Amino acid sequence: MRVLNYIRGEFVDPKSDFWMDNFSPSSGEVIGSIPLSGEGDVDNAVMAAVEALPYWSSLRPLERAEWLERIADCLESKFEEIARLESLDTGKPISLSRSVDAKRSVSNFRFFSGMIRDLEEEVFEMEDATNIVKLKPVGVGALITPWNLPLYLLSWKVAPAIGMGNTVVCKPSELTPLTADLLMKVIEEVGLPRGVVNLVHGDGMAGSSLTSHPLVDLVSFTGGTETGSKVALSASPKFKKLSLELGGKNASIVFSDCDMEKTVEGVTRSAFLNQGQVCLCGSRILVEESIYDDFVELFVDSVESMVIGDPMDDSTELGALISKEHLKKVEYYISLAKEEGGQILTGGTPCVPKGLSNGNWMAPTVIAGLDHNSRCSTEEIFGPVVTIHRFKSEDQAIKIANNTRYGLAGSIWTGDLEKGERVASMIHTGMIWVNTWLHRDLRAPFGGVKDSGVGREGGRWSLGFFSEPLNVCLKND
Ligand code: NAP
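Notes on the structure follow. (Residues numbered from 1 in each chain as written. Predicted model: local features only at pLDDT ≥ 70, side-chain atom pairs only at ≥ 80, totals over all residues. Heavy atoms only, no water.)

### Re helix α3 (residues 79-90)
- Relative to the 16 Å expected for 12 residues at 1.5 Å per residue, α3 spans 17 Å between its end C-alpha atoms, a close match to the ideal helical length.
- Taken residue by residue, α3 has Ile82, Ala83, Leu85, Glu86, Ser87, Asp89 and Thr90 as its buried positions.
- Immediately downstream of α3, the backbone of Gly91 shows phi near 80°, a positive value. (Helix = DSSP H or I, 4+ residues; strand = E, 2+ residues; numbered from the N terminus. Expected span 1.5 Å × (residues − 1). Buried < 20%, exposed > 50% of the residue type's maximum accessible area, 1.4 Å probe, protein only.)

Right, here's the structure in full:
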């Protein structure tokens, strides 16, 4: 499967004719190739977006909302294809690709279509004048996405960006090009005006050429913290509008008054969904001392009951890791945990399904006995590895939860909602759930603090980020 760049409404080869292999995470086989785009390709895509901007930004919001609805309909008609391609490309279970990736990609377009349709201008009356706030497009947007939730995150950016009248150039991860390509095919099929959405495939060099391009006005980036800091540096000389959604090391705090059965189920899901490769995953589990032993026993049983297998099999609950390089990183952290004095309660070794020995496999791994300050307990591993710790008091739980450079998300499990809310407000993070996890209302803000990012997207925060407010002041008589 060879994918091409999409520029000015056409699928095109990279100018250099350089290509990269795309590997299946589960089998290790080459499943296709992608353009290794260079500066010339990026420049061509940015110019296409610049040319399309005057017409696209002149449309009424209602007209753009209708385009988003058409894209949603067309994506929905390809629901199963999205799920299949996402599992092939990422190694995640097909059940997850259906229930999360395909479903959310469609609903991102529908949701922002509805929001943009309902947009009203804010008005501030003075005694002698009326102020109207008009939300204008920012200009050309660079949208850069990671490999863990490829179309879910790309659609989360494309929909509000073009809905607010911007034109865009997308750069998906080189590891997961397939559903981004499908989205471009959908955009071609519905006949979206040429140049409104463009896409270049390639590695970090293409991303860096895009974020530093002088005609790019806005950068929305989701990825790792180290890359995010490079992106911020390259966007800063031109004061580009910037949103950074970065890494996390989220705590799941389990109090002794929790509903044990639901908590074990919720904490297992939050630890290992998508093989632990979700920025929101709860990778540090803090358990109140009085229930620590009981919780650990039930949690380990729950983890060991998860079905690891071929991503295309309906019964699979855990698939493969994204790449050989990422598997090596995860293995490194497991060996580091042993050096740091951790005990592996379960997992720690590859767990290879039959016939898939060249894939990137790791059993879900639970590590106990580590110091709260150890590297494995504070650094983002982004794989199927969690550390588990005891705490004695509310204050201590809060202190441990905050003991990391990250501040993205977290969860609290308790029978006392007042306590849940009290503790939640003491955790230095962007999002926190009580007695649930990854329960998202698309109207709510999404994003992190500290090294987890800058800015918020979601609902009106996305509309705000992808627009510039213009204050028109009309003097009465
Ligand atoms: P990554 O290595 O930072 O890459 C993210 C994207 O940036 C990819 O498209 C990548 O291209 C591109 N890129 C690489 N170098 C670049 C540069 N110098 N300038 C511009 N773009 C560049 O992250 P990843 O490994 O794909 O994703 C995992 C990370 O994403 C984790 O840290 C996870 O926590 C984070 N994440 C955060 C959120 C959130 O909402 N906060 C959501 C999902 C994931 P290539 O892949 O082709 O190199």
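### Here we look at the packing of helix α2 (residues 61-77) against helix α5 (residues 150-163)
- For the pair α2 and α5, the least separation of the axes is 9 Å and the interaxial angle reads 155°. Here α2 is positioned roughly antiparallel relative to α5, judged by the angle of their axes. Note on element contacts: α5 touches α2 through Leu151, Ala159, Ile162 and Gly163, opposite Arg64, Leu68, Ile71 and Leu75. (Axes fitted to C-alpha atoms, helices over the stretch in contact; angles between N-to-C directions. Parallel < 35°, antiparallel > 145°, perpendicular 65-115°, else oblique. Contact = heavy atoms within 4.5 Å.)

### Notes on the nonpolar core
- The biggest cluster of nonpolar side chains holds 93 residues, and the ones touching the most others in it are Leu280 and Phe299.
- Looking at this core element by element, the count peaks at 9 residues for α5.
- Not counting residues within four places of it along the chain, the set of residues in contact with Leu280 comprises Asn250, Leu408, Ala409, Met431, Trp433, Trp437, Leu438 and Phe446. (Core = buried A, V, L, I, M, F, W, Y, C linked by side-chain atoms within 4.5 Å.)

### Notes on unusual backbone geometry
- Phi at Gln275 is positive, roughly 60°, even though this residue is not glycine.
- As for its placement among the helices and strands, Gln275 is situated in the loop between α9 (260-272) and β13 (282-288).
- Overall, the relative accessible area of 1% leaves Gln275 in the buried class.
- You will see that Asn435, though not glycine, has its phi angle at about 60°, which is positive.
- The residue Asn435 is located in the loop between β19 (433-434) and β20 (449-450) in this model.

### Topic: the pairing of strand β11 (residues 241-245)
- Here 5 bridges tie strand β10 (residues 218-222) to β11, and the two strands are oriented parallel to one another. Counterpart to Val219 in the pairing with β11 is Leu242.
- The pairing of β11 with strand β21 (residues 453-454) spans 2 bridges and is classified as antiparallel. The residue of β21 that forms the bridge with Leu244 is Val454. (Pairing = 2+ DSSP bridges.)

### Things to note about the side chain of Glu380
- Here Glu380 is to be found in the loop between α12 (375-378) and β16 (385-391).
- No salt bridge is formed by the buried Glu380; the nearest opposite charge belongs to Lys329, separated by 5.2 Å.
- A polar contact of 3.1 Å, which involves the side chain of Glu380, links it to the backbone nitrogen of Gly248. (Lys, Arg positive; Asp, Glu negative; His and termini not counted. Salt bridge = Lys/Arg side-chain N within 4 Å of Asp/Glu carboxyl O. Polar contact = N/O pair within 3.5 Å; in protein donor to acceptor, adjacent residues only side chain to side chain.)

### Details of the site of the ligand
- Around the ligand sit 29 residues in total, of which Lys171, Glu174, Thr227, Leu246 and Glu380 are the nearest.
- Gly224 places a polar main-chain atom, nitrogen or oxygen, 2.8 Å from an oxygen atom of the ligand.
- For the ligand, the accessible surface in isolation is 900 Å², of which the surrounding protein chains cover 88%.
- Taking a 2 Å distance to the grid points as the criterion, the majority of the atoms of the ligand fall inside the largest pocket.
- Those elements that place two or more of their residues in the shell around the ligand are α7 (204-211), β10 and α8 (225-235).
- For the shell around the ligand, the element with the highest residue contribution is α7, accounting for 3 residues.
- Broken down by class, the residue content of the shell around the ligand amounts to 12 nonpolar, 12 polar and 5 charged. (Near = heavy atom within 4 Å. Areas by Shrake-Rupley, 256 points an atom, 1.4 Å probe, with all protein chains shown as cover. 1 Å grid on protein atoms, 1.4 Å probe; cavity = no way out; pocket = protein on both sides within 12 Å on 5 of 7 lines; lining within 4 Å. Sits in = over half its atoms within 2 Å of the grid points. Nonpolar A, V, L, I, M, F, W, Y, C, P; charged D, E, K, R; others polar.)

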